[in-house]
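# Coordinate analysis (summary)
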Amino acid sequence: MNFIIQAGSLFYQILRRMTSFMEIDTNTLYERKTSLKDIFSEKDGFRTWLAIVAVIIVMFIQRQYIAVMSDFMMQKYHINISQTTGLVNASLYGYAVMQIPTGVLVDKIGVRRLCIVSWSITFVATLIMTLTSSYHTALLMRFLIGASTASAVTSVMKVQALWFDAIYFSHLSAAMALISNIGNLLVTLPLSYLISKIGAQNSMWCICLITLFCVLLLFVFVKDKDNAIQQNEFHVTNALKEVLLNPHSWPPMLIIFTFISTSTSLCGFWGIEYLCQTYHLTTVQASKYMIFLSIGFMAGSPLVSLMDKVNKRNNRLNLQIFTGVYLLCWVYIVVFYRGRPPLIMIPLLFCIMGVVLMFHLLPFTVSKEVNKIENSGIATSSVNSMEFFGSSMINSIIGFLILGGLQIHRAIIVYLICATICFGMTFFIYREKGECRQK
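Given the structure is predicted, the values throughout are model-derived calculations rather than measurements. (Residues numbered from 1 in each chain as written. Predicted model: local features only at pLDDT ≥ 70, side-chain atom pairs only at ≥ 80, totals over all residues. Heavy atoms only, no water.)

## Examining the overall build of the chain
Cut-off, in case you're wondering: To qualify as a helix, a DSSP run of H or I must reach at least 4 residues; to qualify as a strand, a run of E must reach at least 2; elements of each kind are numbered from the N terminus. Exposure classes here rest on a 1.4 Å probe applied to the protein chains alone. A residue is buried below 20% of its type maximum, exposed above 50%, and partly exposed in between. The contact criterion used is simple: two residues touch if any of their non-hydrogen atoms lie within 4.5 Å. Residue exposure ignores everything except the shown protein chains as possible cover, and the areas themselves are Shrake-Rupley values with a 1.4 Å probe.
The helix and strand tally for the chain stands at 22 helices and zero strands. Residue burial in the chain is summarised as follows: out of 439 residues, 53% are buried. The contacts of the chain with a sequence gap of at least 6 include a subset with a gap of at least 24, amounting to 84%. Summing over all exposed atoms, the chain offers an accessible surface of approximately 20,100 Å²; the carbon and sulfur share of this is 65%.

Printed below as a string of structure tokens:
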């Protein structure tokens, strides 16, 4: 533990040294204070934003709680570990396929109606899954949960664009990322502790009640801005074709497919299984180590902005540096220690991984820069969907390897392969900012 504290102190000192190279004048500080005052002055917009961000916290819980109660799920539905990953994958597929439809719906019917209807579906699906003992019914409910929760992030982005000035968009997005990671924290140790006290079935009932509370929260606080619902027709097929046929769109999409998807896979299911089976830990003990990944995410959020200034908005260089660090972490785990590094190193490794994984935000910026302005929404949705298609594929491959007789500390070579592909894709990122935007 002393080693971890010393490592954390060293990391903090490095950050302080890096920030000392940045010039922050009084005008910048004044602008930040002014931006906060302007954000809070939009009371209805801020309440709407805050309510949806609170719901995103629950979205993370919905997405990842299967990992913490995997043993219970296998008993409840009489399934093996590969079929349990199917429950995780079902929600990921639902989330992925609804990315573009929710983007269209939020424009057509507005944030309020979309959020209330979709999260009502989430509640009903969660309730049925809690009650049923049928695996196939549970699969369908998990798909519906993934599809209906997909509205949250799309809606909060719409709220940020409608209610607030464009200069505050990045500030609000960073705040959303920081707050929403509370969900990642809650679904590790706190949920494991709750399960140990009241049992997995009762914990599922608690998740049902929290989801119902989300519906009430949205009903009370979420509002649509006047004239926010579009009446004009938008040609989704043409926009999607233009984005997918643009060769510069694919490197950022493939980076997301092989980068943040590994984190979604690790947090969503295999991380706890890996720790429990490799180091003979209980679920509660394994959850303590998974917390460090979430801590890394939170620490990485300001680092993204810092490196953006240090490297003068060179997205390609930043991605090469931090996907390279991520690759080295998996080389250390898989190659040097054959999947079994010293347990004392896991918190530091997970924390570093969390920090560098926050740079998955950069491919979204790249995708917007290499596509038409009017196609930016479709471009963002296409990139975002890659995380969930990628993680579901990774989950399935690891599950098949384990069923084939491979131990989990060997099967995680899949993460190393993904990290290698991801690092290679960074060399194909278009480096001239904005110049290849399609005309």
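There's plenty left to go through after this.
## Section: empty space enclosed by the protein
Note the cut-off: Definitions used throughout: a 1 Å grid over protein atoms alone; a cavity as a set of points that fits a 1.4 Å probe which cannot get out; a pocket as an open set with protein on both sides within 12 Å along at least five of seven lines; a lining residue as one with an atom within 4 Å of a point. Grid points are joined across faces, edges and corners, and a volume is the space filled by probe spheres set on the points. Under the scheme applied, nonpolar residues are Ala, Val, Leu, Ile, Met, Phe, Trp, Tyr, Cys and Pro; charged residues are Asp, Glu, Lys and Arg; polar residues are all the others, including Gly.
By the definition in use, this model includes three cavities of 30 Å³ or more. Among the secondary structure elements, those contributing two or more residues to the lining of the largest cavity are helix H3 (43-68), helix H15 (260-279) and helix H16 (283-310). Here the lining of the largest cavity gets three residues from one element, more than from any other, and that element is H16. Considering only residue class, the lining of the largest cavity consists of six nonpolar, four polar and no charged. If you add up the space inside the second largest cavity, you get close to 60 Å³.

## Observations regarding the nonpolar core
The following threshold applies: We define the nonpolar core as a collection of buried residues of types Ala, Val, Leu, Ile, Met, Phe, Trp, Tyr and Cys that are connected through side-chain atoms lying within 4.5 Å of one another.
Counting 123 residues, the largest nonpolar core has Tyr65, Met129 and Trp330 as its most contacted members. Ranked by the residues each element gives to this core, the list is headed by H3, at 15 residues. Here Tyr65 is in contact with Met73, Met129, Arg142, Val187, Leu191, Met204 and Ile207, once residues within four sequence places are set aside. If you look at the next biggest cluster of nonpolar residues, it comprises five residues, including Ile100, Ala239, Val243 and Ile378.

## Focus on the side chain of Thr132
Mapped onto the fold, Thr132 is located in the loop between helix H7 (111-131) and helix H8 (135-149). The class for Thr132 is buried, based on a relative accessible area of 14%. The contact partners of Thr132, leaving out residues within four places of it in the chain, are Lys76, Tyr77, Thr137 and Ala138.

## Overview of the pattern of salt bridges
The test is simple: When a carboxyl oxygen of Asp or Glu lies within 4 Å of a side-chain nitrogen of Lys or Arg, that pair is called a salt bridge.
A complete count under the given rule lists two salt bridges for this structure. Here Arg47 ties to Asp44 by a salt bridge, and the two come within 3.3 Å at their closest N and O atoms. Taken together, the positions of Arg47 and Asp44, both in helix H3 and three residues apart, correspond to about one turn of that helix. Here Asp44 and Lys223 are joined by a salt bridge, their closest N and O atoms 3.6 Å apart. With a gap of 179 residues between them, Asp44 in helix H3 and Lys223 in the loop between helix H12 (200-221) and helix H13 (236-244) connect regions that are remote in the sequence. Owing to a relative accessible area of 40%, Lys223 belongs among the partly exposed residues under this scheme. Shared partners join several salt bridges into a network, and the residues in it are Asp44, Arg47 and Lys223.

## Brief notes about helix H11 (residues 189-198)
Stated formally: Each C-beta atom gives one direction from the helix axis, and the arc is the one those directions make.
Within H11, the full set of buried residues consists of Leu191, Ser192 and Ile195. Seen end-on, H11 carries its buried residues on one side only, within an arc spanning 100°. Trailing H11 by a residue or two, Gly199 shows a phi angle of about 90°, which is positive.

## Let's talk about unusual backbone geometry
The backbone of His78 shows a phi angle near 55°, a positive value even though the residue is not glycine. Inspection of the secondary structure assignment puts His78 in the loop between helix H4 (70-77) and helix H5 (81-97). His78 sits in the exposed class, given a relative accessible area of 69%. Positive phi, close to 55°, is recorded for His280, a residue that is not glycine. Structurally, the position occupied by His280 is in the loop between H15 and H16. For His280, a relative accessible area of 70% gives the class exposed.

## Observations regarding a nonpolar patch on the surface
Defined as follows: Nonpolar side chains (Val, Leu, Ile, Met, Phe, Trp, Tyr) within 5 Å and like charges within 9 Å form the patches, drawn only from residues with over 30% relative accessible area and no salt bridge.
On the surface, a nonpolar cluster with roughly 560 Å² of combined accessible area is contributed by Tyr93, Val97, Val117, Ile121, Leu140, Phe143 and Leu144. Broken down by secondary-structure element, the contributors of at least two residues to the nonpolar patch are H5, H7 and H8. Broken down by element, the nonpolar patch gets its largest block of residues, three residues, from H8. Mapping Ile121 onto the fold places it in helix H7.

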